[in-house]
Every structure is written in structure tokens, then in C-alpha cells.
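What the coordinates show
Here's the letter readout for the chains.
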Amino acid sequence: MTEHILHPRITDTSDWVTIIFIMAFGIIALTKSVYENRFEDFSKLIFSDKYTRIYRDSSHLMDMFSIPLFFVQIISFSFFIQIVLSQFGYGTKTDWILFIQIFTFVTYFIFSKFLIEKIIATSFKIEEIAEQFNLQKISYRTYVGLLLLPIDIILFYYDSALKNIPLLILYSIIVLNIFLYLFSIKNYRKEIFSKLFYFILYLCTLEIAPYYFMYYWFTKDSV
């Protein structure tokens, strides 16, 4: 009688991570070569507002420059979330199934939030303000995502990195996002103040509430 030995499925392998990192940098390199001037303006986003002034039309949200970098941004943030979760013991940073789950959730969250923003902005009759505000926010968020990618690589391949580095980076991203929101509001203060009440409702509904509930859900499960 032949004895069959069952082996457990191994999901903790780092090969897929290396492939994803190479693919992400390949997308960045290809985008840079095709849109050299635009990418150069984008790379200076933290020092200059030239990019947001030139590409302020809403059609630039879905062009062939923004879509590939959006994909890289999702990879970067998804993997960083996985690293943070691994610090809390909610998984491992080499679990590709967990990465797919996080990637799917982040993509769904961003698209759902974007569609709801469009609906509410139309209801409040602040479509123009919301589009400009959203375009600037997405540009800066993509920029942060690209900066985060090499940090993800360091945190993944160097296990000797300090344990509190991912949390320090997470807090830095939160603080940076707050400053970016304030900067965007400052740039469009005339339009915002003309419809201040509706913009506050828009801001509380879509820029504060979702993240608060996510924080509450995470900390509740951690207790």
C-alpha cells in the first residue's frame, strides 16, 4: 500500500515581493521615459507647485501618466500596511495572500471613496472645488507613495531595522497628509470660503469619518 504524505501549503516566500518591487520600479522607469518633462515636474512636487498648476484639469486623473503611478502607489501603501500589521502580529510580511487582500481592500476603498466624493460634491453643488481639491490631494498622495516604495524595500530586506521605524513612518505620513490638506485648503481658500458650510460637511463626511472608523475598528480588535 502506497503511503501518501501531505505537505502544508507554504505562503511565506519572499520571491513574489522581489518580483513586485522590480515591476513597480519598471513601471516608474517606463512612465518617466514616456512622459519625461511631466515626470520631472512631478518629481519636484514637494518643492514646487508647478505640477499642480499645469495639470489641474480633472482629465489628468485618468490619463496614461496617472494610472500607472496610481498602481505603484497602491503597491507601495499596501505593502507598507502589511509591514505595519506584521509588527502587531497580524500576519507576516512574506504572506502573498495577505498582500492580495490588503491590495484589494486599498483599491476598493480608494475607488469607493472617490465615487462617493463625486456624488456628494454634486449634491452640495461644489463639484469644481471638490475636483480641484481631489486632484491636488491625489497628486501628493501618489508622490508620497513613490517615496515610500524604497522605504518598503529597506524595511523588508533589513530585519535588523528598528521595530519602531514602521510606526514612526506611519505617524509621519499622517502628519504629512494633514499638512497637505491644509496646503490644499489654503490654495483654494477663496472658492472654499464661498461655500464653507458645504465644504465642511464634505470634509467631515469623506476626509475624517472613514479614517476614524478604520482606526476605531483596528484599535477595538486590538484590545
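All values derive from a computational prediction rather than experimental measurement.

Parameters at a glance
Residues numbered from 1 in each chain as written. Predicted model: local features only at pLDDT ≥ 70, side-chain atom pairs only at ≥ 80, totals over all residues. Heavy atoms only, no water. Patch = residues over 30% accessible without salt bridge, like charges linked within 9 Å, V, L, I, M, F, W, Y side chains within 5 Å. Areas by Shrake-Rupley, 256 points an atom, 1.4 Å probe, with all protein chains shown as cover. Salt bridge = Lys/Arg side-chain N within 4 Å of Asp/Glu carboxyl O. Helix = DSSP H or I, 4+ residues; strand = E, 2+ residues; numbered from the N terminus. 1 Å grid on protein atoms, 1.4 Å probe; cavity = no way out; pocket = protein on both sides within 12 Å on 5 of 7 lines; lining within 4 Å. Points joined across faces, edges and corners; volume = space filled by probe spheres on them. Nonpolar A, V, L, I, M, F, W, Y, C, P; charged D, E, K, R; others polar. Core = buried A, V, L, I, M, F, W, Y, C linked by side-chain atoms within 4.5 Å. Buried < 20%, exposed > 50% of the residue type's maximum accessible area, 1.4 Å probe, protein only. Contact = heavy atoms within 4.5 Å. Phe/Tyr/Trp six-rings, centres within 6.5 Å; stacked < 30°, edge-to-face > 60°. Lys NZ or Arg CZ within 6 Å of the ring centre and 35° of its normal.

**A short note on a nonpolar patch on the surface**
- Side chains of Tyr-171, Ile-174, Val-175, Ile-178, Phe-179 and Leu-182 sit close together on the surface and give an oily, nonpolar patch of about 620 Å² of accessible area.
- Residue position: Tyr-171 is located in helix α7 (residues 165-187).

**A word on the layout of surface pockets**
- In this structure, the second largest pocket occupies an estimated 390 Å³ of space.
- Taken together, 22 residues line the second largest pocket, and the ones lying closest to its centre are Leu-61, Met-62, Ser-66, Phe-70 and Ile-138.
- For the lining of the second largest pocket, the secondary-structure elements that each account for two or more residues are α2 (36-43), α4 (66-87), α5 (96-124) and α6 (127-157).
- Counted by class, the lining of the second largest pocket contains 16 nonpolar, four polar and two charged residues.

**Comments concerning the nonpolar core**
- If you look at the biggest cluster of nonpolar residues, it comprises 33 residues, and the most contacted ones within it are Ile-28, Phe-42, Leu-69, Val-72, Phe-79, Phe-80 and Ile-173.
- Every element with two or more residues in this core is listed here: α1 (15-34), α2, α4, α6 and α7.
- Setting aside anything within four residues of it in sequence, one finds Leu-69 in contact with Ile-28, Thr-31, Phe-39, Phe-42, Thr-142 and Leu-146.
- Residues Leu-85, Ile-102, Val-106 and Phe-109 belong to the second largest nonpolar core, which totals eight residues.

**Points about the packing of aromatic side chains**
- Applying the stated criterion to the full structure yields 19 aromatic pairs.
- When the ring of Tyr-51 is compared with that of Tyr-55, the centres are 4.9 Å apart and the planes differ by 40°; the resulting orientation is tilted. For the pair Tyr-51 and Tyr-55, a shared accessibility class is recorded, and that class is buried.
- Taken together, the ring pairs connect Trp-16, Phe-21, Phe-71, Phe-79, Phe-99, Phe-103, Phe-156 and Tyr-157 into an aromatic cluster.
- Of note, Arg-38 hangs over the ring of Tyr-55, and the distance from its end group to the ring centre comes to 4.4 Å.

In short, geometric facts, not functional conclusions.
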